[in-house]
4 protein chains.
Amino acid sequence: MVGYQFMGKAHSHAYRDLPFYFDGKIKPVLKAVAGRKEAAVKDAADRMGWESYETDWRKLVERKDIDVVDIVTPNHTHAEIAIAAAKAGKHVITEKPLALSLEQAKEMHEAVKENNVKHLICHNYRFAPAVQFAKKLLEDGRLGRIYHFRANYLQDFIMDPDFPLIWRLKKEVSGSGALGDIGAHSIDLARFLIGEFEEIVGTTETFIKERPAGEMSGGLSASSDASGYGEVTVDDAVAFISRFENGTLGTFEATRFAGGNRNKNKFEINGEKGSLRWDMEDMNKLDVYFSDDEEGLQGFRTVNCTEEVHPYAGAYWPAGHIIGYEHTFINLLHAFFEESAPYPDFEDGVKNQAVLEAVEKSSEQRQWVSVSK
Amino acid sequence: MVGYQFMGKAHSHAYRDLPFYFDGKIKPVLKAVAGRKEAAVKDAADRMGWESYETDWRKLVERKDIDVVDIVTPNHTHAEIAIAAAKAGKHVITEKPLALSLEQAKEMHEAVKENNVKHLICHNYRFAPAVQFAKKLLEDGRLGRIYHFRANYLQDFIMDPDFPLIWRLKKEVSGSGALGDIGAHSIDLARFLIGEFEEIVGTTETFIKERPAGEMSGGLSASSDASGYGEVTVDDAVAFISRFENGTLGTFEATRFAGGNRNKNKFEINGEKGSLRWDMEDMNKLDVYFSDDEEGLQGFRTVNCTEEVHPYAGAYWPAGHIIGYEHTFINLLHAFFEESAPYPDFEDGVKNQAVLEAVEKSSEQRQWVSVSK
Amino acid sequence: MVGYQFMGKAHSHAYRDLPFYFDGKIKPVLKAVAGRKEAAVKDAADRMGWESYETDWRKLVERKDIDVVDIVTPNHTHAEIAIAAAKAGKHVITEKPLALSLEQAKEMHEAVKENNVKHLICHNYRFAPAVQFAKKLLEDGRLGRIYHFRANYLQDFIMDPDFPLIWRLKKEVSGSGALGDIGAHSIDLARFLIGEFEEIVGTTETFIKERPAGEMSGGLSASSDASGYGEVTVDDAVAFISRFENGTLGTFEATRFAGGNRNKNKFEINGEKGSLRWDMEDMNKLDVYFSDDEEGLQGFRTVNCTEEVHPYAGAYWPAGHIIGYEHTFINLLHAFFEESAPYPDFEDGVKNQAVLEAVEKSSEQRQWVSVSK
Amino acid sequence: MVGYQFMGKAHSHAYRDLPFYFDGKIKPVLKAVAGRKEAAVKDAADRMGWESYETDWRKLVERKDIDVVDIVTPNHTHAEIAIAAAKAGKHVITEKPLALSLEQAKEMHEAVKENNVKHLICHNYRFAPAVQFAKKLLEDGRLGRIYHFRANYLQDFIMDPDFPLIWRLKKEVSGSGALGDIGAHSIDLARFLIGEFEEIVGTTETFIKERPAGEMSGGLSASSDASGYGEVTVDDAVAFISRFENGTLGTFEATRFAGGNRNKNKFEINGEKGSLRWDMEDMNKLDVYFSDDEEGLQGFRTVNCTEEVHPYAGAYWPAGHIIGYEHTFINLLHAFFEESAPYPDFEDGVKNQAVLEAVEKSSEQRQWVSVSK
C-alpha cells in the first residue's frame, strides 16, 4: 500500500478484517506499506499491521512478494504509481478519483488492460448493504422507469476560514475540490444505480478563496503570500443537472460548506412504481416506497438492511445490529478478491472522470456539455 | 371571490377563521363568490358561507358592496380579472403564479399601482410560523453569510399515465407545469429568505407526453386525437441552479413525479454560522444548527415552532399543539389586512414571474440566463 | 358553554368551523357562554363569537333557546353542572376527566341516561385521522392478536419550580394531576383501540411539592404558607402497567416533567401481524408495520393520513396538506352531532374514571388492583 | 473462550480488532476456543482466528498459556466455568446475565475477589460513544436532578409461533427470557447512567406457551409432548416500574414480541435541566435537549457522536463516518484491558441480578419489592 493517512487506515483495516467475516479463496497478507518519511511510515506499519515498509513506492512495485499495489496517496500521484504497478504485473487498487484528468485516467486504464492485471477504484459506498439492495430492487424492475435521481453530498469540515490549505484544496494535487472528492462518489452511485450520463450543466463555487498556507502533506507545500495565505484553487461546492442515457433527470450537489452535515451522502430515486431514499449517515436504512401498495397504506418504509436477505449483511450480525463505514470497504474488497459482485474498476474510474470533466467544462462554458464516451 | 375550487376553499376558510384567532381592525365579510355554472357556484356559496353569488365575475367587480376581489381561477384569467378589479378600485388578491408571462404580470402590477389599491399574491408558505421564524433568524444575522439555498418541491399526484389532461397541464391555461405551480412557491421562499436571483440555468422535462383529454375545468376542453388523448404542453418536472445577488448558490427541483411525496415542499439553508431545514409536510418544525454550539453538542435542533415566541403561533394553541396547512392562509391574510408583516404583493409576483421566465428561457437556450430586473 | 379558557377556545372554534368542512343535519349556533367575571366572559363571548353571555351557569341551563350545554370548567364543577343540565333536558358535553371520582362519574352517567339526553366527553385525540385509521386496521384484524400497548404522554410545562400553583395542581379542584389531565387521554386511546382494562399496578410521583400560591382560576385561591408557597396535592407524573381483558400487556407513563416534550402524546401497538406507532406532535402520520410484508422489505411505513381514504381527512385538504390539533375537535363534534362514528360518551367517562381510580388505589396499596366494572 | 456462537463471534472479532484501533499495553492473543463438538469448534477456531481449540472447557482453565477465560456459553454454565477459571487464577470475562440466580451470581463474585483476578461482564451497550457521552453529560450535572428514566428494549425474533424452543426459552438454561437477555441491558444502562435501584414493581408475560421442541444447543434437548411441542418456561416480555435511590422514576419494558423492532434498545432521560434520548438501532446519535437553550430555539439536538470529543469515537473515523454494533465490544475490551474507563464487572453483574430477581419476585407476589443490596 502506498500512503497511510485516512484512506490507508480504512484499507488496512479492511484487509485485516475481511477474512474474519467472509470465507474466500484469497486471504490478504499485509506485506508492506510505502511512504516518504521513514519514522512516520514505520509507525504506520506497526500500528496498522503491515509486515514491512518502504520509503520509496518504487520498491513496492519491484518486490516479488507483492501481488497487489493499493494507492491511497494524493490524487496527482495515482497515475504514475498505478501505471508502474501495472507494468510490473501487480494488480492495482486506487482511491478515487482515478486521476487528475480524463486523459490521465484513460492512460491508467490502458495500462491495466495491457498488462492484464485486475483493477479496482474504491467507490466504497456502492457496498453499503442498503445500496446493494437498492441496486437489486432496480435491477428487478421494482421501480419501473426511473424519472429522477437526486443526490446531495454535504460536508462541513473546511467551513472555518482558518482551516489550512491542505492538498485537497490545490488543483495540481487533487484535480478538483468537492467535485472530485465527494461529488465523484455521488456520480458513481448514479452510474451504479441508474446508468450512464448523457449530458450535464452545472457550476462550481469557491466561497473562501484564500487560506493559511503551509506544509500540505508528504513534503508538498502550498505557496503563500507575505501574510502566509495561499490561494484555494479548487471548488468548495458544485451543483449540476444531468440527463442520463435512459432519460432520467439527475440533480447533484456536493459541498464542504453545509454546516451540521459531517458526511451526509444521500440520494433519492423516483421511478414509475416507487421511490428509494438513502443517507450514508444512517447507512443501514433504506427508505422504500411502492406506488402499488394498498390505498391508505402507502408510505415510505424504513427498511433496516441488516437481515440475511440484504446483500453482505448476513456476514455480520443479527438483524438490527448495525454496521458502519468501515464495512463498506470490507464488502468492496470481498467483491474484488472473490468477484462475488461487480466491482468498480478503472473503466468506471474513466467514466466517472468523464463526468467530472464535463462538469468542469460546463462550469467554464456556462452551458450544457455532452459527457465524453 | 372568483372561483371556488381547492384554492377557493382555502381562501374562504381563512376569511371565516381569521377573526377568531386574530384581533384586527378589519373583519372580512364574505359578500359574493363568482363562477360560470350557476348550480355549482350556488352550492359553493352555501357550503363555504358566501352571502351571494354571481355567474359573471364582471358583476363582482361592479358591485359597490365589495372592497376586495380575490382571484382563485385558472392562471390564464388572472390578468383580465385583476386589472378590471383594480380599475374598479377594488383591492386585489390573486393566487400564484401571477400571470402567464412576465409581460402580463407587469401589466397587472401597473394596474394596481395606478389605481392605488392593495394587492396580494398568495404565497402562503411564507406564513408558516417556522418559515417566519427562519426569516427572523436570517435577518438577525444568526446564520452569517449564506452559502447555499436548496429547495425541493416534490409531488406525485399526476404520476398515473391515465390521470386526465386537466387545465394545469395545458400551457395556454396554466403558463407552465410544476414550474409555475409549485416551483413558484420555492422561488418565493428563496426570495423571501435569501434575496433576489441574479442568474439561472435549468431544464424542464415532460415524462408523460399525452394524457386522456376531456373537459378541463369551467367550460374549458382540451383538444384530443381520435383515441381521446391530448398533448401535455407543460413541464412535469423542472430543475435549476441559480446564483443570487448576494452570492448564494441555489439549487431547485420541482416535480410531480416523485412517488411517495404528496406535498413535500422543503428547503435547506447553509450559512457561515449555521443551517436551517424545513419541510411543509412537517411544517411546525424547523431544524436549526449553529456552528458555535459547544463542541460535542453540535447537531440540528428540532424546534417545534408552536410557542408564543414563534411568529403567529401565539394566536393558536399551547406549545406542542400543532397547526396545519390552512393556518398559513390565515396568517397571510392577517398580514395583508392588518399589515402586521410584509406580505407578498404583485411586485413579488412580477419578480417571481421573471424567475419563471428565466428558467424557461434557460431550458430552451441550454445555457445560463440573467433574471430580468 | 360554561367556561372559556384553553378548552373553551378549542370548543368554540370547532363549533364555528364544523359546518364549513362537513355537511350535516345539525349546524351549531353559539348561543351563550357563561362565566363568573362579567368583563372577562363578555370579552370571551365577543372574541369567540358567542351571541350572549351569562355570569351564572344556572342561567344557561334554564334558557329555552339552548339545546346543548358544554362544560369546559375546572374538573370539580363538572358533576353539578352536567347533572343540572341533564335534568333540564339539555344534551351535555364535558371536558375530561368526567369527574373527581368514580362515584361522581357514575352519578353523572345516571343523570344523562335518566333524562334521555345525549352526552359526550371530549377525548378528542381519538379523532385524529391517523388514530381513526389505526382503529380501522385493528377492527379489520390487520394486526391479529394484540400483545402490547405502550403509551407515553409527555409534557414539560410545569417543570420550572416557580410555575404557580394553578388549579390543575390541587386535588380538590382537578381530582389528580398528570394522571387525569393527560394520562386520561392515553387511557381513552387504549380503550378505544385495544379494549377494556382488567387490572393495574402503578405509582404516582410529585417531584416539586410546593409552589408559589395565589389565585388559581375563577375566584379559587390556593392556601399558602407565610412565604407564599402552597402544597401541590396532585401527581406530577404517573406510571402504570396494565393487563387488558383480551390479554394485551399495557404500559403507560404520563408526566409534566419530560423536558423538550411540549405535548408528546404517543402510543405503540404490537400485534401478531404488525405494529402501529403514533405521536400527536406529528399527528398526521401513522407508522405501520406488517410482518407479512415481503422479506427484505419489512419496515415501518410512514403513512401520511391525509388522503380521502383516511377517516375525516377527505373533509379537509388534498393529500400531504396537513391538519392540526383543532381538527380533532371538529371531527369529534361531527361524530357527536351527526353520529357519523362512535363517540366517547359518559359511559366512556365512567370507565376511564374507573381506570384513574385503580391507578390511584394501586399507588396507595402498592400492589395490583382490579379495575372496577 | 468457551463457546462460539453469536457472542463468541462478537468477542473474537473485538479481540482481533482492538489493537488496530487502540494503542494499549496489552495485545490479546487468541489462544484457544472450547466447545463440545470437535468438528464445530475446530471450524469456529479456524474461522475466527483462534490458535487452537479444546473440546472440554476444563482444559482451557488448566492451560498455562491462557491468562483470560471468556465465557460465551448458555447462562446456566457461567457459574461453574467462571468459578473454576478464577480458582485457576485466570481473569474472567462473562456474557450477561451473570448467572441464573442472585445467589449464584454472588458466589461468582466471591470467587473472583478471593482469587484476585480481574472480571468483566459484557454489558457492551455502555460503550457506544453516544452512551459514554451521555454519561459524561450526566456526571457534569448538565441535566440537573433526574426525574425520569424510560427504557424500552424491543425485539421481534421469536414472534413466529413455529420458532423453535431454543435454550433461551428454557428457564433452567437461561434463567429468564426477555428479562435477563435484553432487560438486563436496560438495567445496566440505568445503573450506569442513573444509579442504584431501590424498589420495583412489574410483571412478566409469556404469549406463546408451547413451541416446537428439539435440540436446543450444545447437546441440550428440550422435552416435548407427543406432538413435538415443549413448554416455554421463560417470559416473552416484561414490564416494570422502579424507583431509584436518588428518587428517579424508572419505567422499563423488554419484549421479543414487538414486530418491526429488530433490536430497538432505547432509553430516554428527563432531568431538571434537560433530556437525552438514545436508540441502539441509530447508535451513533444522541438527542440532547437543554431547557436553558435560548427561548424559541429549544428543541432536541441530534448529535452525531462521531467526533474526536466523543468518548472512543476518535479511535475510528472522521466525524460523520459511523460505527456499528461490534465497536461497542472493542471499546468495552479496551476499557477492561487498559482500565481506560470504569467497566462493568461481577459486582455489576450481582447488582443487575438483584434487579432481575426483584422483577421476578414482584411478578409472582404482585406487589412492590425492594431490590436486594
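Values in this document were obtained by computation on a predicted structure and should not be read as measured data.

What counts as what
Residues numbered from 1 in each chain as written. Chains lettered and ligands numbered in written order. Predicted model: local features only at pLDDT ≥ 70, side-chain atom pairs only at ≥ 80, totals over all residues. Heavy atoms only, no water. Pairing = 2+ DSSP bridges. Helix = DSSP H or I, 4+ residues; strand = E, 2+ residues; numbered from the N terminus. Axes fitted to C-alpha atoms, helices over the stretch in contact; angles between N-to-C directions. pLDDT = per-residue confidence, 0-100. Parallel < 35°, antiparallel > 145°, perpendicular 65-115°, else oblique. Left-handed = near helix turned anticlockwise from the far one by under 90°. Contact = heavy atoms within 4.5 Å. Nonpolar A, V, L, I, M, F, W, Y, C, P; charged D, E, K, R; others polar. Buried < 20%, exposed > 50% of the residue type's maximum accessible area, 1.4 Å probe, protein only. Polar contact = N/O pair within 3.5 Å; in protein donor to acceptor, adjacent residues only side chain to side chain. Buried area = accessible area lost by both parts, 1.4 Å probe. Salt bridge = Lys/Arg side-chain N within 4 Å of Asp/Glu carboxyl O. Least-squares fit on C-alpha atoms with pLDDT ≥ 70 in both. Expected span 1.5 Å × (residues − 1). Bend = angle between axes of the 7 residues up to and from the residue.

We now examine the sheet that holds strand β5 (residues 119-121) of chain A. Sheet strands associate in pairs through backbone hydrogen bonding, adopting either a parallel or an antiparallel arrangement. Residue and element names in this part refer to chain A. Reading across from one edge, β3-β4-β5 is the order of the three strands in this open sheet, with parallel pairing throughout. Among the strands making up the open sheet, the edge pair consists of β3 (68-71) and β5. If you compare each strand with its neighbour and ignore which way they point, the axes differ by 10° on average. Of the strand pairs in this sheet, β3 and strand β4 (residues 91-94) are connected by four bridges, and their pairing is parallel. Within β4, the position partnered with Ile71 by the bridge is Thr94.

Before going further, it helps to spend a moment on the confidence of the model for chain A. With 98% of its residues at a pLDDT of at least 70, chain A reaches an overall mean of 96. Two numbers describe this predicted complex: its pTM, 0.97, and its ipTM, 0.96.

It is worth spelling out the packing of helix α4 (residues 78-87) of chain A against helix α5 (residues 102-114) of chain A at this point. When two helices pack together, you describe them by how their axes are tilted relative to each other and by the distance separating the axes. Residue and element names in this part refer to chain A. With their axes 8 Å apart at the nearest point, α4 and α5 run at an angle of 15° to one another. One element, α4, and the other, α5, form an angle in the roughly parallel class. Of the two elements, α4 crosses α5, and the hand of that crossing is left-handed. Residues His78, Ala79, Ala82, Ile83 and Ala86 of α4 pack against Gln104, Glu107, Met108, Ala111 and Val112 of α5. Here the contact of α4 with α5 is built from residues that sort into seven nonpolar, two polar and one charged.

So, on to the side chain of Arg301 of chain A. Relative to the helices and strands, Arg301 of chain A resides in strand β17 (residues 300-304). You can call Arg301 of chain A buried: its relative accessible area is 4%. Polar side-chain contacts of Arg301 of chain A include one of 2.9 Å to the side chain of Asp293 of chain A. In contact with Arg301 of chain A, other than residues within four places in its own chain, are Leu286, Asp287, Val288, Phe290 and Asp293 of chain A together with Asp293, Leu297, Gly299, Phe300 and Arg301 of chain C.

Moving on: the interface of chain A and chain B. Contact residues are listed per partner, giving 46 residues for chain A and 46 residues for chain B. Broken down residue by residue, the surface that chain A buries against chain B is led by Tyr147, Phe207 and Arg366 of chain A, which jointly contribute 17%. The interface formed by chain A and chain B holds eight salt bridges in total. Between Arg243 of chain B and Glu205 of chain A there is a salt bridge; the shortest N-O distance is 2.2 Å. The interface formed by chain A and chain B holds 26 residue pairs in polar contact (both at pLDDT 80 or more) in total.

Attention now goes to the relation of the copies chain A and chain C. Laying chain A over chain C is done by rotating through 180° and shifting 0.0 Å along the axis; what remains is an RMSD of 0.0 Å. Taken together, these values place the two copies in the relation of a two-fold axis. Measuring from the rotation axis to each C-alpha of chain A, the shortest distance belongs to Arg301 of chain A, at 1.9 Å.

Residue and element names in this part refer to chain A. Over its 16 residues, helix α1 (residues 6-21) runs 22 Å from end to end, which matches the ideal 22 Å to within 8%, given 1.5 Å per residue. Where α1 bends most, the angle comes to about 30°, and this point is Tyr15, followed within four residues by the proline Pro19. Burial of α1 is extensive: 13 of the 16 residues sit out of reach of the surface.

Residue and element names in this part refer to chain B. Read from one edge of the open sheet, three strands run β3-β4-β5, paired in parallel fashion. The outermost strands of the open sheet, each flanked by one partner alone, are β3 (68-71) and β5 (119-121). The mean inter-strand angle of the sheet, taken between neighbouring strand axes irrespective of direction, is 10°.

Our next topic: the relation of the copies chain A and chain B. In summary, the two copies of the chain are related to each other by a rotation about an axis coupled with a shift along it. After a rotation of 180° and a shift along the axis of 0.0 Å, chain A superposes on chain B with an RMSD of 0.0 Å. A share of 100% of the interface residues of chain A reappears at the interface of chain B, consistent with the copies meeting face to face through the same patch.

Residues and elements named next belong to chain C. By the element assignment, Asp348 lies in helix α10 (residues 346-365). Relative accessible area serves as the criterion here: at 12%, Asp348 is assigned to the buried category. Along the chain, Asp348 and Leu98 lie 250 residues apart, while their C-alpha atoms are 9.1 Å from each other. When sequence neighbours within four positions are dropped, the list of residues in contact with Asp348 reads Ile121, Arg126, Arg191 and Tyr343.

Tallying each qualifying case throughout the model produces 160 salt bridges over all chains. One salt bridge in this structure joins Lys171 of chain A and Glu360 of chain A, with 3.4 Å as the shortest N-O distance. Here Lys171 of chain A, found in helix α7 (residues 171-174), pairs with Glu360 of chain A, found in helix α10 (residues 346-365); they are 189 residues apart in sequence, far enough to count as distant. Look at Lys171 of chain A and you get partly exposed, because its relative accessible area is 36%. Looking at Glu360 of chain A, the relative accessible area reads 23%, which means it is partly exposed. The closest approach of N and O atoms between Lys42 of chain B and Asp46 of chain B, which form a salt bridge, is 3.9 Å. In this pair, Lys42 of chain B and Asp46 of chain B are both assigned in helix α2 (residues 38-48), four residues apart and thus about one turn of the helix distant. According to the relative accessible area criterion, Asp46 of chain B is exposed, its value standing at 56%. Salt bridges sharing common partners tie together Arg126, Asp188, Arg191, Glu196, Glu347, Asp348 and Lys351 of chain A.

Bringing unusual backbone geometry into the picture now. Residue Pro97 of chain A is bonded to the preceding Lys96 of chain A through a cis peptide linkage, with omega at -10°. Its place among the elements puts Pro97 of chain A in the loop between β4 and α5. Of note in this structure, Asn116 of chain B is not a glycine but carries a positive phi near 55°. Structurally, Asn116 of chain B can be placed in the loop between α5 (102-114) and β5. Note on Asn116 of chain B: relative accessible area 68%, which makes it exposed.

Time to look at the packing of helix α1 (residues 6-21) of chain B against helix α9 (residues 325-338) of chain B. Residue and element names in this part refer to chain B. Across the interface, α1 lies against α9 with an axial gap of 8 Å and an inter-helix angle of 65°. Considering how the two elements wind past one another, α1 and α9 form a crossing that is right-handed. When α1 is examined against α9, the residues Phe6, Met7, Ala10, His11, His13, Ala14, Tyr15, Asp17, Leu18 and Tyr21 are found in contact with a partner set consisting of Tyr325, Glu326, His327, Phe329, Ile330, Leu333, His334 and Phe337. Split by residue class, the contact of α1 with α9 holds 12 nonpolar, four polar and two charged.

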